[in-house]
Amino acid sequence: ERAEWAKLVDAPSVSKDDKHFEIAANIGTPDDVEDAMKQGADGVGLFRSEFLYMGSDHLPTEDEQFEAYKKAIVGMKGKPVVVRTLDIGGDKPLDYLPLPDEMNPFLGYRAIRICLDRPEIFKTQLRALIRASEFGPLSIMFPMIGTLAELRAAKRIFEECKTELQKDHRVLGDDVKIGMMIEVPLAAINADKMAEEVDFFSIGTNDLIQYNFAADRGNDAVSYLYQPLNPAFLGLINHVIAAAHRHGTKAAMCGEMAGDELALPLLMGMGLDEYSMSASSILRTRSMMKNLDTKDCAKLVEKAMDLDTNEEVANLVKKELNLAD
Ligand code: PEP
Ligand code: MG
């Protein structure tokens, strides 16, 4: 099997009926790019930039960040790179940036909420990113956006940084695409309005499931509520993808579900454009994709939506894929 997959390193990510998709890698540091390329990634769909901050004993400077982003972009050799802006707080603390003790850190001061409150931290990162965009195709995405006002505030700060940098370098950053994570339920519900204001969505199913099922993603006692195939949840995903496409916005996914083999035919049936996952899952996914027809997948989505539980959908997909229980 592995030998078969290895042949797909330079192959396009296409379905049996020749529809094109992208299978990208999730990375934590610029060094991960090497493996992403080896595994045939079509790009980086999620660069979790917080690892730059967690691996340092001070807030990384603009130049330190610039070098890291440049290294990732250059290493991808012209393939697109999506960097997510700082997603700190919640379960990811920083020693040198004291944050308040919170009763509910996952519902608290984290990610874009910190960045909008501390624009000097946010601007340092955005300036580094805009400067690095000179070296290849770069997209920036904002984590934990819930409201349109948050999205607009983040975009406004990005535009300010661009204007400042363009005083010296005309057009710098003009090609940077702007996207947002869909991981807060309200943003998913409001996907039509959100889609009008961004180039792409990336659905963060780890948090989107945590918040929709009201179940802490790190708590084993409630892990039975991790149900990516629950028909009610699939309906929400379908809504987000359809809303994106109504507005010419690309729909990507970068949570665990994007690399889940039972989810793949359903996501293809919904027309998800990009699947971003750990590099080690890319070739397996590309190989499965090649054997799936998107029209059959669309029919499978309809059947799945008529079912009632995660387990029923899992069984339906297993049967379709001829997988044993
Ligand atoms: C997600 O929430 O699905 C996601 C991709 O982000 P993280 O796992 O880093 O919160
Ligand atoms: Mg998340």
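Sequence order as written defines residue numbering, which begins from 1 separately in each chain. Here chains are named by letter from A upward and ligands by number from 1 upward, in the order in which they appear as written. Selection of residues for local features in this predicted model requires a pLDDT of at least 70, selection of side-chain atom pairs for listing and counting requires 80 or more, and totals for whole chains, interfaces and linings are taken over all residues. Note that the side-chain values use all heavy atoms of the structure and ignore hydrogens as well as water.

So, on to the coordination of the magnesium ion (ligand 2). Counted as donors are N, O and S atoms no farther than 2.8 Å from the metal, or 3.2 Å for Na, K and Ca; water is not among the atoms, and sites may therefore look incomplete. With distances of 2.0 to 2.2 Å, the protein atoms coordinating the magnesium ion (ligand 2) are Glu183 (OE) and Asp207 (OD). Of the two residues, Glu183 is situated in the loop between strand 5 (177–182) and helix 8 (185–189) and Asp207 in helix 10 (residues 205–212); the sequence distance between them amounts to 24 residues. Here Asp207 falls in the buried class, since its relative accessible area comes to 3%. Helix numbers and strand numbers start at the N terminus; a helix is a DSSP run of H or I with at least 4 residues, a strand a run of E with at least 2. Burial classes follow relative accessibility: with a 1.4 Å probe on protein chains only, a residue under 20% of its type's maximum area counts as buried, one over 50% as exposed, and anything between as partly exposed.

Pairing between strands is defined by DSSP: at least two bridges between them are needed. Ordered in space as 1-2-3-4-5-6-7-8, the eight strands form a closed barrel in which the pairing is parallel. Ignoring strand direction, the axes of neighbouring strands in this sheet form an average angle of 25°. As defined by bridge partners, strand 6 (residues 200–203) adjoins strand 7 (residues 250–253) across four bridges and the pair is classed as parallel. Across the sheet, the residue bridging to Ile203 is Met253, located in strand 7. By the convention used here, residues are in contact when the closest approach between their heavy atoms is within 4.5 Å. Only the stretch in contact is used when fitting a helix axis, every axis being a line fitted to C-alpha atoms; angles between N-to-C directions are given from 0 to 180 degrees. Lying on the sheet, helix 6 (residues 119–132) is in contact with strand 3 (81–84) and strand 4 (138–142); it crosses strand 4 at an angle near 160°.

Time to look at the site of ligand 1. The nearness test applies per residue and asks whether one of its heavy atoms lies within 4 Å of the molecule or strand. Around ligand 1, the structure places 13 residues, and the nearest of them are Arg48, Arg84, Gly204, Asn206 and Arg217. Polar contact is defined as a pair of N or O atoms within 3.5 Å, subject to the rule that within protein one atom must be able to donate a hydrogen and the other to accept it, and that residues adjacent in sequence are counted only when both atoms are side-chain atoms. A distance of 2.8 Å separates an oxygen atom of ligand 1 from a polar atom in the side chain of Arg217. Here ligand 1 has 290 Å² of accessible area as a free molecule, and 98% of this is covered by the chains. Residue contributions to the shell around ligand 1 peak at three residues, all from helix 10. Residue-level accessible areas treat just the shown protein chains as cover; the underlying method is Shrake-Rupley with a 1.4 Å probe.

All right, on to helix 15 (residues 310–320) then. Because an α-helix completes one turn every 3.6 residues, residues spaced three or four positions apart along the sequence face the same direction. Every buried residue belonging to helix 15 is among Asn310, Val313, Ala314, Leu316 and Val317, and all of these are buried. Along the long axis of helix 15, the arc covered by the buried residues comes to 160°, so they all point the same way. Exposed positions of helix 15 whose direction lies more than 90 degrees from the buried face are Glu311 and Lys319. Those residues of helix 15 hidden inside the fold are in contact with helix 11 (231–246), helix 12 (264–270) and helix 14 (294–306). In this context, the arc is that of the directions from the helix axis out to the C-beta atoms.

Salt bridges are identified by distance alone: a Lys or Arg side-chain nitrogen within 4 Å of an Asp or Glu carboxyl oxygen. Under the defined criterion, the tally for this structure stands at 26 salt bridges. Between Asp17 and Lys295 there is a salt bridge, and its shortest N-O distance comes to 3.6 Å. Linking Asp17 in the loop between helix 1 (2–6) and strand 1 (22–27) with Lys295 in helix 14, this pair joins segments that are 278 residues apart in sequence. As a salt-bridge pair, Arg217 and Asp207 come within 3.0 Å of each other at their nearest N and O atoms. Of this pair, Arg217 sits in the loop between helix 10 and helix 11 while Asp207 sits in helix 10, and the two are 10 residues apart along the sequence. By relative accessible area, which is 43% here, Arg217 ends up partly exposed. Connected via shared salt-bridge partners are Glu50, Arg84, Asp87, Lys92, Arg110, Asp207 and Arg217.

Where helix 4 (residues 62–75) meets helix 6, the closest approach of the two axes is 8 Å, and the angle between their N-to-C directions is 40°. When the axes of helix 4 and helix 6 are compared, the pair comes out oblique. As for how helix 4 packs across helix 6, the hand of that crossing is right-handed. Together, Glu62, Asp63, Gln65, Phe66, Tyr69, Lys70 and Ile73 of helix 4 and Thr124, Gln125, Arg127, Ala128, Leu129, Arg131 and Ala132 of helix 6 make up the contact between the two elements. Each residue gets one label: Ala, Val, Leu, Ile, Met, Phe, Trp, Tyr, Cys and Pro are nonpolar, Asp, Glu, Lys and Arg are charged, and the others, such as Gly, are polar. Counted by class, the contact of helix 4 with helix 6 contains six nonpolar, three polar and five charged residues. Angular relationships are summarised with four words: roughly parallel below 35 degrees, roughly antiparallel beyond 145, roughly perpendicular across 65 to 115, and oblique for the angles in between. Should the near helix be turned anticlockwise from the far one by less than a right angle, the crossing is termed left-handed; should it be turned clockwise, right-handed.

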